[in-house]
Amino acid sequence: MAQLWGGRFKSGTDRVAYEFNASISFDSRMYKEDIEGSIAHATMLGEQGIISNEDSALIVEGLKGILADIENGKLEIGSQYEDIHSFVEAVLTDRIGEAGKRLHTGRSRNDQVALDMKLHTRKTIDDIDSRLCRLQKSLLNIIENNLDTYMPGFTHLQKAQPVTLAHHLGAYFEMFIRDRSRLADIRKRMNSCPLGSGALAGTTYPLNRERTAELLGFDLGPTRNSMDSVSDRDYLIEFLDALAIIMMHLSRFSEEIIIWNSNEYRFVEISDAYSTGSSIMPQKKNPDIAELVRGKTGRVYGALMSLLTTMKGIPLAYDKDMQEDKEVAFDAFDNVSACIELYDGMISTIRFRNDLMEKSAKNGFTNATDAADYLVKKGVAFRDAHGIIGRLVLKCIEENKALDDLSIEEWKSECEVFENDIYEAISLKTCVDKRLTPGAPGHEVMEKAVAYYKEYLG
Ligand code: ARG
């Protein structure tokens, strides 16, 4: 047992209680942020004359050495310490002696952990953002190459109107734009520095909080209320919320990939690298990665619910309940990172069966709306046109054929207005390319969307 307190205690902590309380097993991953925060704090303490310049320099050098040694594997983070803060301070004092004991002047673990968690979250936001950016690049590559790949668009999972693969995947590109803009909002709002808030009520030392905020890249400067600073985890809840939404998007995408990959649809073939087999059925090739992404969504939602619940009854300021933020958050960080990366790999290697998509779009009356619109353009009221086409669709279903297969006499038997140009009017190409309202799948508007996406990605 190695801890930073004990003076006012008569006897030691119960073994089980000690282990229950310790956080080193999971907060050790914040070693870098802890050291960076301490370097900024010690630098400022020296500049303010709160500790001597010599001590400040010794501490900073010592901390840099600890960081280097952890990173090159020379120093192992021992599980006997209560938390990462205790570990760093103990090793520092061990290495540089007296000066190490001055590091914690004017600081509490409450503002220290608030800082570490913010730095770690900020870094993870940037990491998730760059992963989403890479995924968008892969998606855009597929979009660009499939502006004329026709497929059925669905509502109620029933074939509705023809779209293109580019248009369908463009919907996900848009979701990821919103996800990234949510991350940017959160990052902007959270970027204030809690260091210097002390345990809850600031400190009597003349700290320069602007300086530490600046050293650590917090462009909003120091936080304004020390009680709020040590007990605020809003930014983490917001981030988990953004991660939950990202997972919801990936989960919907997964659901579609799974359907498209099914024996019935065969719109896609997931590459061997992202599929698995069955131990008993030799023919099987399962979309496990997509299924796992869909499955892990629940886990990330759980992290959000968990932290919201942890925070809801906590009186100001810091309470140990807040230590519970870490395991669920880190689990969510790691899983979302992995899911985005795997998604990038999976969609970059997937084989789209353009031929089968197009065939499916042809056999499902996806051009029925366009057939009705044809009549409207020739002066028939839409409601009448709807009825006429509905009857022709019924006839086709009974005779097991497509609208395109009707002879001109058959068209005319329902309405005299039909002419030979009906065939061209309801071809997939016409159905798609005539849809030129902004946001529609028509080739020309999709080209504009692609230009926008390219500019967006820079
Ligand atoms: N491990 C603690 C946490 O994660 C660090 C802060 C401890 N502060 C305290 N007063 N015991 O919240």
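Here, every reference points to the structure presented above.
Residues numbered from 1 in each chain as written. Predicted model: local features only at pLDDT ≥ 70, side-chain atom pairs only at ≥ 80, totals over all residues. Heavy atoms only, no water.

K.L.:
Got a sec to walk through the overall build of the chain? Specific residues and values, please.
P.N.:
Scanning the chain for helices and strands turns up 19 helices and 4 strands. The C-alpha radius of gyration of the chain comes to 30 Å, more than 25% above the 23 Å expected for a compact globule of 458 residues. Counting only C-alpha atoms and orienting by the principal axes, one finds that the chain spans roughly 100 × 50 × 40 Å. For the chain, the residues scored as buried account for 51% of the 458 residues in total. The contacts in the chain between residues at least 6 apart in sequence include a share of 75% that link residues at least 24 apart. Total accessible area on the chain is roughly 22000 Å²; 51% of this is exposed by carbon and sulfur atoms. (Helix = DSSP H or I, 4+ residues; strand = E, 2+ residues; numbered from the N terminus. Rg over C-alpha atoms; globule rule 2.2 N^0.38 Å. Buried < 20%, exposed > 50% of the residue type's maximum accessible area, 1.4 Å probe, protein only. Contact = heavy atoms within 4.5 Å. Areas by Shrake-Rupley, 256 points an atom, 1.4 Å probe, with all protein chains shown as cover.)

K.L.:
Could you give an account of the nonpolar core, with specific residues and numbers?
P.N.:
Counting 74 residues, the largest nonpolar core has Leu243 and Leu250 as its most contacted members. Listing elements by their share of this core, those giving two or more residues are helix H6 (109-144), helix H7 (165-190), helix H10 (234-260), helix H11 (288-311), helix H12 (325-349) and helix H19 (443-457). A per-element tally of this core places H10 first, with 16 residues. Apart from the residues lying within four places of it in its own chain, the contact partners of Leu250 are Leu135, Phe176, Val293, Cys339, Ile340 and Tyr343. The next biggest cluster of nonpolar side chains, apart from the first, holds 25 residues, and it includes Ile39, Ile66, Ile84 and Leu92. (Core = buried A, V, L, I, M, F, W, Y, C linked by side-chain atoms within 4.5 Å.)

K.L.:
Outline the packing of aromatic side chains, supporting the account with residue identities and numerical values.
P.N.:
Within the structure shown, the criterion is met by 13 aromatic pairs. For the pair Tyr374 and Phe418, a centre-to-centre distance of 5.7 Å together with 10° between the ring planes defines the contact as stacked. In this pair, Tyr374 is assigned in helix H14 (residues 368-377) and Phe418 in the loop between helix H16 (408-414) and helix H17 (422-425), connecting sequence segments 44 residues apart. Residue classification places Tyr374 among the buried residues on the basis of a relative accessible area of 7%. By relative accessible area, Phe418 is classed as buried at 0%. When the centroid spacing of 6.2 Å and the interplanar angle of 70° are considered together, the rings of Tyr452 and Tyr453 count as edge-to-face. Using a relative accessible area of 4% as the deciding quantity, one classes Tyr453 as buried. (Phe/Tyr/Trp six-rings, centres within 6.5 Å; stacked < 30°, edge-to-face > 60°.)

K.L.:
How would you explain the site of the ligand if you had to name every residue and give the values?
P.N.:
Around the ligand, the surrounding shell consists of Ser23, Asp27, His85, Arg109, Asn110, Val113, Tyr318, Lys320, Gln323 and Lys326. Note that a nitrogen atom of the ligand is positioned 3.0 Å from one of the side-chain N or O atoms of Asn110. Gln323 is positioned with one of its side-chain polar atoms (N or O) 2.7 Å from a nitrogen atom of the ligand. Tallying contributions element by element places H6 first for the shell around the ligand, with 3 residues. (Near = heavy atom within 4 Å. Polar contact = N/O pair within 3.5 Å; in protein donor to acceptor, adjacent residues only side chain to side chain.)

K.L.:
Describe the pairing of strand S2 (residues 158-164), with residues and values.
P.N.:
Two strands pair when backbone bridges link them, and strand S1 (residues 150-155) and S2 are joined in this way by 6 bridges, in the antiparallel orientation. Counted as the bridge partner of Tyr150 is Thr164 from S2. Here S1 folds back onto S2 in antiparallel fashion, the turn holding 2 residues, of which His156 has a positive phi close to 55°. (Pairing = 2+ DSSP bridges.)

K.L.:
Kindly report on the environment of Met248, identifying the contributing residues and their values.
P.N.:
Checked against the element boundaries, Met248 lands in helix H10. Spatially, the C-alpha atoms of Met248 and Pro222 are 34 Å apart, while their sequence positions differ by 26 residues. Every residue in contact with Met248, bar those within four places of it in the chain, is listed here: Thr297 and Tyr301.

None of the figures reported here should be taken as evidence of function without further support.
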